[in-house]
Amino acid sequence: MGTAEQSAHRTSRRSFLVKGAALGAGTLAAGRLLAAPSAAIASGGLTKGDAAILRFLAAAEIIETDIWQQYNELAGIQDAADGEVPGGSGNPAYTAAVAVLDEDMAQYIHDNTDDEISHGAFINAYLQAHGAQTVNLDAFRTLPSSTATGAQQIGRLTNLMQLTINTSFWTRYRSDSQNPDLGEVLPNAVPGLAAGEHPAIPRTDADLAPPDHLQAIANTAGFHFAWIEQGGTSLYAGLAQRVTHSEVLRILLSIGGSEIMHFQTWQDKAGNAPPLTDPNTGLTFPDLNADGELTQTNLIMPEPTPFLDRKFPIVSIIRPTQTDGAAMGTVRAFTNDGLFIGQSAEFFALITRLAQAADAARHGT
Ligand SMILES: [Fe+2]
Ligand SMILES: [Fe+2]
């Protein structure tokens, strides 16, 4: 890369990463934190690598928030009494279809949204307390909203209407012999979701019927919820291996644990998605209990599996936890999922730079 190009990159990076910038939906929470940053936190210092890891995680959390906010506007609890998840007015038909998976889905969607807002706001506030650059993706909130009843008409970071969802996480956590960290590829539990492009929210009110079409959209959301959070589960474990300061490790373990709790909840609910075929698209949700343990719905505890080396006994673990390229792996997974369909080249350049910087971090340096 030539000097002029490097200089252009630095300029564009500065314009998108605004130190101490507003955090969108998380502004209130961040404001509370920033009002009185503790002396202990402010004096801790961050290595360059720690800051890079936290910045990538802040970006990932802002992206997660954008996803969950869209789900919450249509199928969650909007503008709760505490005002922690503002926006949207709910879509009764879609909310009912999502509630087929569990009657408490609206509460869980609200709380997952609230959690993501808090993750992004906390990490940015922690970076700021250390004088490090924070992350603001507001310039990229350019993708269209659903026009179905209930959704706000605002620009989005992510696209939930053309998803291609890899459901191998489902079989990965049920296999007692295969682990992607050992180079193995697990099959999709719902092959139809891994092919083609599928909406996980109603795109317009025309998607609210017929019933099996709307239920297919709700089922898609159910598996997408688990997909998002299994990704967070692995990302935090992968990047934790690269941090230096013990307090940064504490942050990654503590927030990462909340991602694990999300994933565990959602994979239990996805197992309740009724088997059906979408009459409009042909997308089929198979009976996951018809084909043995690799897809059995109630096997929601991580099946013991080979870890590190097959010479050891199998063990119940989250997976994958490979650290090399964990951040770029997340960017690729988000991209392959269709979340960024419609995003600009500048967005991909920024998110790639953030991921590469995180992946370049080394423990102890
Ligand atoms: Fe999160
Ligand atoms: Fe999450």
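All values derive from a computational prediction rather than experimental measurement.

Student: Explain the coordination of the iron ion (ligand 2) to me, please; I cannot follow it from the model alone.
Tutor: Where a metal carries four tetrahedral donors, each ideal angle is 109.5 degrees; where it carries six octahedral donors, the ideal angles are 90 or 180 degrees. The protein atoms donating to the iron ion (ligand 2) are Glu 64 (OE), Glu 116 (OE), Glu 229 (OE), Glu 229 (OE) and Glu 259 (OE), with metal-donor distances spanning 2.0 to 2.7 Å. Read N to C, the donor residues that coordinate the iron ion (ligand 2) are spaced as E-x51-E-x112-E-x29-E. Taken as a pair, the iron ion (ligand 2) and the iron ion (ligand 1) show a spacing of 3.3 Å, with Glu 64 coordinating each metal. A residue pair is termed long-range when its members are at least 10 positions apart, and Glu 64 in helix α4 (residues 48-75) and Glu 116 in helix α6 (residues 105-129) qualify at 52 residues. What makes Glu 64 buried here is its relative accessible area of 6%.

Student: For this particular structure, what's the right way to read empty space enclosed by the protein?
Tutor: In this approach the atoms are scanned with a rolling probe the size of a water molecule, which exposes any empty space left behind. Counted according to the given criterion, the structure contains 3 cavities of 30 Å³ or more. Put simply, the largest cavity is a space of about 40 Å³. As for the largest cavity, its lining consists of His 198, Pro 199, His 213, Ala 216, Ile 217, Thr 220, Asp 278, Thr 281 and Leu 283. Of the residues contributing to the lining of the largest cavity, the split by class is 4 nonpolar, 4 polar and 1 charged.

Student: Would you take a moment to explain the coordination of the iron ion (ligand 1) for this structure?
Tutor: Protein coordination of the iron ion (ligand 1) is provided by Glu 61 (OE), Glu 61 (OE), Glu 64 (OE), Glu 116 (OE), His 119 (ND1) and Glu 259 (OE), with donor distances spanning 2.0 to 2.5 Å. In this structure, the iron ion (ligand 1) is coordinated by 6 donor atoms arranged in irregular fashion, with angles at the metal of 55 to 169°. All donors of the iron ion (ligand 1) come from a single chain, and their spacing in sequence reads E-x2-E-x51-E-x2-H-x139-E.

Calculation criteria
- Residues numbered from 1 in each chain as written.
- Chains lettered and ligands numbered in written order.
- Predicted model: local features only at pLDDT ≥ 70, side-chain atom pairs only at ≥ 80, totals over all residues.
- Heavy atoms only, no water.
- Donors = N, O, S within 2.8 Å, 3.2 Å for Na, K, Ca; no water.
- Helix = DSSP H or I, 4+ residues; strand = E, 2+ residues; numbered from the N terminus.
- Buried < 20%, exposed > 50% of the residue type's maximum accessible area, 1.4 Å probe, protein only.
- 1 Å grid on protein atoms, 1.4 Å probe; cavity = no way out; pocket = protein on both sides within 12 Å on 5 of 7 lines; lining within 4 Å.
- Points joined across faces, edges and corners; volume = space filled by probe spheres on them.
- Nonpolar A, V, L, I, M, F, W, Y, C, P; charged D, E, K, R; others polar.
- Tetrahedral: all angles 85-135°; square planar, octahedral: opposite > 155°, others 65-115°.

This is a description of form; function is not addressed.
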